[in-house]
Each structure stands twice: as C-alpha cells, then as structure tokens.
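One letter stands for each residue in the lines below.
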Amino acid sequence: MALEPQRRSFLGFLTFGLGAIFSAILGVPIVCYVIDPRHRRAPKSAMKLIDGVKLDDLRATPVQGVIRDTRVDGWTLYPNDVLGRVWVVKRDQALPAFPDKAAVVAFNARPQAEKDAFLLVFTTICPHLGCSVNLGGDGFLCPCHSARFTLAGAQAGVGNPARRGMDSLEWEIDEDDPEFNRLEVKYQRFEALKIEKNAIG
Amino acid sequence: MFTTLINWLDHRAGIRSLLSAMLLEGIPGGARWRYVWGSCLAFVFSIQLITGIMLMTAYSPSASQAWNSVHAIQYKMDFGWLIRGLHHFGSQTMMVLIALHMLQVVIAGAHLPPRELNWWLGIGLLSVTLGLSLTGYLLPWDQKGYWATMVATNIAGTLPEIGEEVRHQAVGGPDYGNYTLTRFYALHVAILPLTLIGMLVAHVAIFRRHGVTSTENKQGLVSNPENEHAKGTEPFWPRQAFYDMLACMVVFGIMLGMVLYGFAHKVTPPPHEDGSEPNLYEKIARYGVEGKGAELDASADRNTANYPARPEWYFLFLFQLLKYFPGDYAIWGTVIIPNGVMMILFLLPLLGFGPVRKLGHFVGIVFLTVLFVMVGLLTLKALDDDQPEGILGGIMKTGDEETRKKEKEKAEKFQHDVHEAEIKAKRACQLAMGGTHVEGGHVLLRNDPYTTGNLLFQGKCGSCHNFSAGKDDKFESWKGGKSASDLGDYASFEWIHELLKNPGKDTHLGLVKLRVLDDDKKPKVDAKGDFILAPAKGMINWRKGIDDAQARWRESEDADVKKKVAQQNDELEVIAKWLADQRHPKDKRNKELAKQGQAAFELGRNKCKNCHVLEGTNGAGEDAPDLTGYGSTEWIRSMIMRPMHGSRYGEKNNMPAFRDQEAPGALKEFRDLNPTVTDKQIQFLTDVERELIIRWMIRDYRPVFGGAPIR
C-alpha cells in the first residue's frame, strides 16, 4: 500500500461521530416503527350474540353459530364482520324455563361451571395448531392433524396431538331477546399448543 | 476478543484490504468540497432504500386500500410520519443533488473522454431516478398523485403510432385502477431500484478507475499505480471522508427540517379509551397528527369535478412547456423537445475528442447553464401563472390588459379549487382516523355531511334556500337562494325567535311564496295552467295582529294592561326556546320548559294554536305545519320528502318533494298518495343524499352509510 493511512485522526473521529448520530436519528424511529404492532391488541372481549343458534332448536348433534361484530383489520373498519364461529353442545340436563327477564338474569348470575352442565360453547379453533374443528366419529375431529375430542370437549383417543381439550367460552342467555331463546358468548381466541388456556390479546 | 474476530474475518473475507481499497483511494490534487455531490446522492439513495423498505412493511398496493394504508402510516403508526416524510423529501432532495452533481461534472469537464461512458451511465441514472419519482408519486393513491400521474401517462399516449399502446401497458389496462398500482409498485420497489443499483455500481467502479477530475488528473489515469505517488495525491480517508460525511449530514438536516416543518394536514386523534392523555413518547411517535411529515391529499376519487392537478415541482417545467405547444404541436412539448435535450446531453462528451476539446468543454458548460436557467424560468412561470397577482411582484406577467384579466381569473379559479381540495383533504384525513372504509378512502368523503352534504345542499336546495354560516362554521355562507328561507341555524332558538319577532324578513318568510287556494281548498291555476302564487302571509299577518294588540296595550292607562306587552314578549321567547327543544328526543327535552312553553303556546292571546298543532298540546289548527318534533331529523326528512302533506304545508305548498324514485313502484306509490302533485314537484334525491343534507343542516358531521352512522 503506497499511501499510509492516518489511523487515528480528529477528522476520523468526527466522521464516526456524525455517522453515529445519524444512525441513531434514523435507527431509533425505525425500530419503533417496526415494532408498532405492539399497539394492536385484540379488542376487549364482551358478551356477543351467537348468530344462527336458537335454544329451542338444539338437539343432540352440536350446531355451529357465528359471532358478528365490528372488526378492525389494520386500517380497515368492517362494520359487521364475522369474528369467528362456535360450536354449541347440548348436554343431558335440560335448561330451566324462563318466564321473565328476572329469571334469565338470575340464571346468568350462576357460576359458569354450573351453567356448563346445561350447555357447552366451544370455539371452532383447534387448541393444537388452530385449524377449524369439525364433527367426526363420536365427537369432534380436527381435519389437520387428527386431534380428537369428545362432545364435552375433552381430548379423546390415544396419541392425541392436542395438549388440552377444546376451548370452552363463557356464555349466558341473551337478556334482551323477548323469547329468551338466544345465547351470548364472550368470544376469545387462545394460544395454540399450550397446556394452559391463555387468551390472546 | 474484537481483534480476534476481525482477524478471523480478514483471513476468510479479506475485509482489511477491502476496507483500505474503499477508504484509501488516492485523490489526485487532494480532498475538495466540490467532490461531495456524488457521495451525497449515494447517501440519500440509501436513505430512500431503507425508508422505502420500511414503508413496504405497511403499504398495500390496491386501489381500494393504498390510501388507507398510507393514512395509517402517516397518522397511526409510531414514527410513520418521519419515515414517510424522509422518503418523500428524499426524492426531491435527489432531484436537487442530481442537478448540482451534473453541473459540477460538466464544469470540471468530467464528462469528456475518457469518462464519457460514465456520463452516459449518469444520464441513465437520471432517467431511472425520474422514473422512480413518477411511479412513487402515484402510490399513495391520493388526488394529487392520481390526477398528476393520469396526465403523465396520457402524455405517453401522445407518442406517434405506439402512444396508445404504451399508455395502455403503463396503466395496465384501458383505465386507472388496481393494475396501474401493482405495475407502478413493482416498478417503484423492485425493477427501477435494482436497475439503479446496478448502474450505480458500474458508475462508481468506472469513477474509481479514472479518479476525480482535477488539474492533476485530467487524463483519468488514477488506476496507474505510478500516479498514486504523484505530488499532491491524498487518500480518501480521513479528509475527503469527513467532507462527504459533513455534506451528507447537512443534506440530511435539510430533509429532516422539511419533515419537522410539516406539510401534512393536522387531525384530531380519537381519545384514549381510558380517558388518559397521550404521554411524551406517544406525542413524538404520532407527531403526524400535528401535521408533521409529507402531505397526504384526499383519497383518489374518479367522481371529482374540478381537481386542480399539478405535477410535483421538479416536473413543473415540463408542464409549463406544454402550454406553449397547443393542439397539434403538443408533441413538441411532450416528446420532441424533452428527448432532444436528453439527446444533446448524451452527445456532449463527443465534443471532447481531439482539438475541439476546449471548445467542447465550453459548449457543455454553456448548454447546461442555459438548460438550467430555462428549466428554472419555466418552473417560476408555472408558479407565476397559478398566482392571481403573480410571484416576485408580478414581473413575470405579460400581455395586454385583456389577457392579464383572463389569466388572473384563471389563477383565481385555480386557487379557489386548491382551497376547496385542501378542505376536502383535511376532512378525509380526519374522517379516516376512525377507521377507513373497505371500498376505499374516497367513500368516506362521498358520504361526509361536512363536505359532500354542503355541496349537495348548494346543488339541490341552494337555488331557493340560503344558508348563513354560524360563527363557529369553517365553511362559507351560501347566498344563491332566491325564494325560500335561510336554513343556517334552522330551528335554533335564535332562528325561531327571529321568526316570531319579524317573520317578513328575507331570511325567514320574506321570500316564500305559497299557492293560492280556491274555496274547495284546491290550488288555483291561471290560464296557462300554472299555479297562482302569493307571498306567504300567515305568520306576517299574525305578527301584525300581535303588534296591533301590543300597540293598544301600550296606550292603555291601566298599568296591568301595559305590562301585558312585556309579558307577551317573554312568552314568545319561551315558545321559541321550547320549539327549539322539540328537535331532541322526547326523553331528552327540558320538562320545565315544556310546561311553560305549552302554556304560552295554548294562551289565547298568542294565537299559536289557531293554526298550528303540536303533539300533546291543545292545538286545533290545520292551516299551518304540525310542529310535533319541530327541527328534528324526522321533521326535516318529512318536509323534504313530502312537503305537500297535511302535516306540513298541504295544498298551499310550492316546494318540490325530493325523494328516491328509483325503487320499483316508488314513483307510482307517491303519485297515488298525492294525486295533485305535478311532475315539476318531484325531484330526484337518493336516501343517502337526503341524509347527508339533513346531517349537514343540523351540523351532525358523522358519515352516512345507508342511514346508519359508523363512529
């Protein structure tokens, strides 16, 4: 090398210094911008009507219902979109009669475990890896990795890929429905593949 | 540890020699400030690359979602305003730097042989950069980019023979839309940048082969090892590196200054759900809501009557040039002259061979100087033409009195349109804060009472009605109405009180004409079959009666009778207040006021109930509008859709019914229900348009979607 570099010089430090300041001015905002999704959380779960399911129509075979609400997808607002689907499973114990709203309010006030003796509401999302669980065999069967569940939502069969049973949701009778014939559910999604049931968002 | 790592890397990849090759390049004649422009360009281009990739992470190239996603970047994402702003002003900075770089190169004679190949590469880089600007301008899919790029692609269509096919291919079909965006996007983020990078690498490599153009290195033989020992040769590091770095920082500072100065529209973000104030981080990260960063115009809308389109400032000279070649000569302005200039630029180095080199160098400097002066003058003239009084004190205005007057009117119209477009842009940015519509950002504005409702009122109601703006209103009063009341503050206390005090005023009933009825209470017609009209005298006569009674009371000797004047005036004020309260839902009305108002309404001497009825009162009248829910959306809706109904003005009414007649059977049903209605009396108004007008009248500016507001 013909030209010997000046290894340490004042101008060299100054050049590095300016470069460092510039990198910080541009770098810090870029990092904040990239991790912006941290501001986007799942909306607070509230009781929402299950569309397409009437209590009177429930039979031994579970039925699917749809949860609709305003949905925000990034910059787009869908005034009435499908948030997700649920399975409603009728159990052996028949629901009590609801002569008036007070009876419904009293029933809704019972602990969820007690209410679940009458009906179970599951998300259709498989707790294994999130496929949509269908009816199959004697209970539920996930089409992706053959996770099996009983009608009560428990893991069934040997070598089940799912690490927990189907995700049940809190539900109540719709107090505003004049016939007290409809269900409301607190719709949530849960982390896949965990043994514990952790809500997302 | 660090040294070990470096040694390992050096052994495997030879980074030390790479670094010294990069930094220890010999500069014949030593470091100079004037060599910084190329480095600055590379620096700004790398900022464009970084910010561009960042924008790609949140941008959606589709005609319905592009604007929405850019709006989210600008106003909702942390530091999106900064990244977008730097990218926006970075492109403009590159234009300025390219001009400076070219000028410096030609002055130094660095375009002459043996460096002519690099000059040609430079012209290629210039073209690609122009292409990047043009394609990037469209991507936000806002009005500005949409209409300006529309013009640009139409210009491509003026090419002889192949023009239309070129345009068709650029646009991706017969018309602007999704394919235009996806094609422009691919060009902007992949094809053009990759081309630019390839050319840039070659440009720098060739530059390194010949070195800077100083008196010590005219022949560009820096690659000759003997030359590196030449007297006055200095390594790139550290002095030139520092010069370059400092210049880059000044350029970056200017870009940052533009972003921080802010050219965006201010918006009010929705409040936090828990009611807390934004903290300092949030304020800085979302500085875009304060108008920082680059402008975002309203979402592109094909349904735009008069958008004042102009290209970005660095294309203004081409825009201006076109004005001088009207009609069949347009091709001179669009194709022949611009490409001719590019061709001359391309050929300039050929003047550097042999004995003409000195002259060729001189010609090059003169040509470029003249070119830049012309571009500058055309740009200034373009700006001047759009200002009614001109720029620089109007010295660029030419022509006789008549031409000047015409030019001035044109500029005034342009400025008016710009003002209107800015109001819409600000409004669109604000509306989208609550979430954007899935069909596209333009839908919000089309269904916005504040802007569209206002225009609809002017178009549909404005030939008869006026609308005086209140003191808090940001829009102008409408004064085109000739034969009906002024609906500014309609049904407010002040409006009703004024009506009771002075019904004959032009703002109330002074201009109103009603049909004259015969003995059977049917409208009278004249010989030609037209309805006979007469001024609306009902309220005016009523007030005359009140005035006469008050005059008598005033003259009375009895103090109790004298007092009646003040008492009645108070009663009329209470009635006005009470009527103004009727627009609210029943459970929200003032109960105390209702008692007082009803009592005053029913009082014999006030004579209200002789003509009017109002639900819940003891009113018997049939000759005047039913005041139940007066001023509510329901009342106004019924007045718009069926003013000839008995609960409004009945047979006396002369206002047309405005309603949607497109639904099957709608027109027939309306005619069956209102047999005396004439064709002229049925005007077309869609349900959404009607709701927009109503919301605008009552200053409820939530967008209308099929009647139900979203947020």
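Look up: the structure comes first, before these words.
This one's a predicted model, so the numbers in the text were calculated from it and none came from an experiment.

Trainee: Sorry if this is basic, but what is going on with the packing of helix α15 (residues 401-431) of chain B against helix α17 (residues 449-461) of chain B here?
Mentor: Helix-helix packing is described using two parameters, namely the angle between the two axes and the distance between the axes. All names here are of chain B. Their axes nearest at 10 Å, the elements α15 and α17 cross at an angle of 135°. By the angle between their axes, α15 is oblique relative to α17. The residues of α17 that touch α15, namely those facing Ile423, Lys424 and Arg427, are Tyr450, Thr451 and Leu455. Grouping the amino acids of the contact of α15 with α17 by side-chain chemistry returns three nonpolar, one polar and two charged.

Trainee: Help me understand the pairing of strand β1 (residues 47-51) of chain A, please; the structure alone is not making it clear to me.
Mentor: Strand residues, when the strand is regular, have side chains that alternate between the two faces of the sheet. All names here are of chain A. Here β1 pairs with strand β9 (residues 183-186) via three bridges, running antiparallel. In the sheet register, lysine 48 faces β9, and the bridge partner there is valine 185. As paired strands, β1 and strand β2 (residues 63-73) are joined by two bridges and run antiparallel to one another. For aspartate 51, the partnering residue across the bridge sits in β2 and is valine 66.

Trainee: I tried to follow the interface of chain A and chain B on my own but got confused; where do I start?
Mentor: By a frequent convention, interface size equals the accessible area lost on bringing the separate parts together. Counting residues at the interface gives 32 residues for chain A, matched by 47 residues for chain B. Across the chain A to chain B interface the summed buried area is about 3,400 Å²; carbon plus sulfur atoms make up 76%. Across the contact surface, chain A and chain B share two salt bridges. Glutamate 273 of chain B is the salt-bridge partner of lysine 44 of chain A, the closest N and O atoms lying 3.9 Å from each other. On inspection of chain A and its partner chain B, the count reaches nine residue pairs in polar contact (both at pLDDT 80 or more). Only α1 (10-34) and β3 (76-90) of chain A provide two or more residues apiece to the side of chain A that touches chain B. When residues in the side of chain A that touches chain B are grouped by element, the largest group, 15 residues, is from α1 of chain A. Looking at side-chain class alone, the side of chain A that touches chain B contains 21 nonpolar, seven polar and four charged residues.

Trainee: Before we go on, may I ask you to explain the environment of alanine 469 of chain B in this structure?
Mentor: Assignment of secondary structure puts alanine 469 of chain B in the loop between α17 and α18 (493-501). When the C-alpha atoms of alanine 469 of chain B and glycine 488 of chain B are compared, they prove to be 6.0 Å apart, with 19 residues separating the residues in sequence.

Trainee: What exactly am I supposed to notice about the sheet that holds strand β6 (residues 139-141) of chain A here?
Mentor: Paired through their backbone hydrogen bonds, the strands of a sheet run either parallel or antiparallel. Residues and elements named next belong to chain A. Taking strand neighbours across the sheet as the criterion, the three strands line up as β5-β6-β7 in an open arrangement whose pairing is antiparallel. Single-partner strands in this sheet number two, and they are β5 (134-136) and β7 (148-149). The pairing of β6 with β7 spans two bridges and is antiparallel. Its bridge partner being in β7, leucine 141 is matched across the sheet by arginine 148.

Trainee: Help me understand unusual backbone geometry in this model?
Mentor: Most peptide bonds are trans, and most residues other than glycine sit at a negative phi. Residues and elements named next belong to chain B. Residue proline 114 is reached from proline 113 by a cis peptide bond, and omega for that bond is 10°. Assignment of secondary structure puts proline 114 in the loop between α5 (80-108) and α6 (116-138). Omega for the bond connecting tryptophan 237 with proline 238 falls within 30 degrees of zero, at 5°, which places this linkage in the cis form. Position of proline 238 among the secondary structure elements: in helix α10 (residues 236-261). Even without glycine at this site, glutamate 161 takes up a positive phi of about 65°. The backbone of aspartate 489 sits at a positive phi, close to 60°, despite the residue not being glycine. Here aspartate 489 is to be found in the loop between α17 and α18.

Trainee: It is not clear to me how the state of the cysteines should be interpreted in this structure. Could you clarify?
Mentor: Chemically, a disulfide is nothing more than a covalent bond linking the sulfur atoms of two cysteines. All names here are of chain A. If you walk through the whole model with that rule in mind, you get one disulfide over all chains. A disulfide bridge connects cysteine 131 with cysteine 144, and the sulfur atoms are separated by 1.9 Å. Sign of the S-S torsion, about -100° for the bond between cysteine 131 and cysteine 144, identifies this disulfide as left-handed. Separated by 13 residues along the polypeptide, cysteine 131 in the loop between β4 (119-123) and β5 and cysteine 144 in the loop between β6 and β7 bring together distant segments of the chain. Its sulfur unpaired, cysteine 142 is 3.8 Å from the next cysteine sulfur, which belongs to cysteine 126. Cysteine 142 gets classed as buried once you look at its relative accessible area, which sits at 3%.

What counts as what
Residues numbered from 1 in each chain as written. Chains lettered and ligands numbered in written order. Predicted model: local features only at pLDDT ≥ 70, side-chain atom pairs only at ≥ 80, totals over all residues. Heavy atoms only, no water. Axes fitted to C-alpha atoms, helices over the stretch in contact; angles between N-to-C directions. Helix = DSSP H or I, 4+ residues; strand = E, 2+ residues; numbered from the N terminus. Parallel < 35°, antiparallel > 145°, perpendicular 65-115°, else oblique. Contact = heavy atoms within 4.5 Å. Nonpolar A, V, L, I, M, F, W, Y, C, P; charged D, E, K, R; others polar. Pairing = 2+ DSSP bridges. Buried area = accessible area lost by both parts, 1.4 Å probe. Salt bridge = Lys/Arg side-chain N within 4 Å of Asp/Glu carboxyl O. Polar contact = N/O pair within 3.5 Å; in protein donor to acceptor, adjacent residues only side chain to side chain. Disulfide = S-S within 2.5 Å. Buried < 20%, exposed > 50% of the residue type's maximum accessible area, 1.4 Å probe, protein only.

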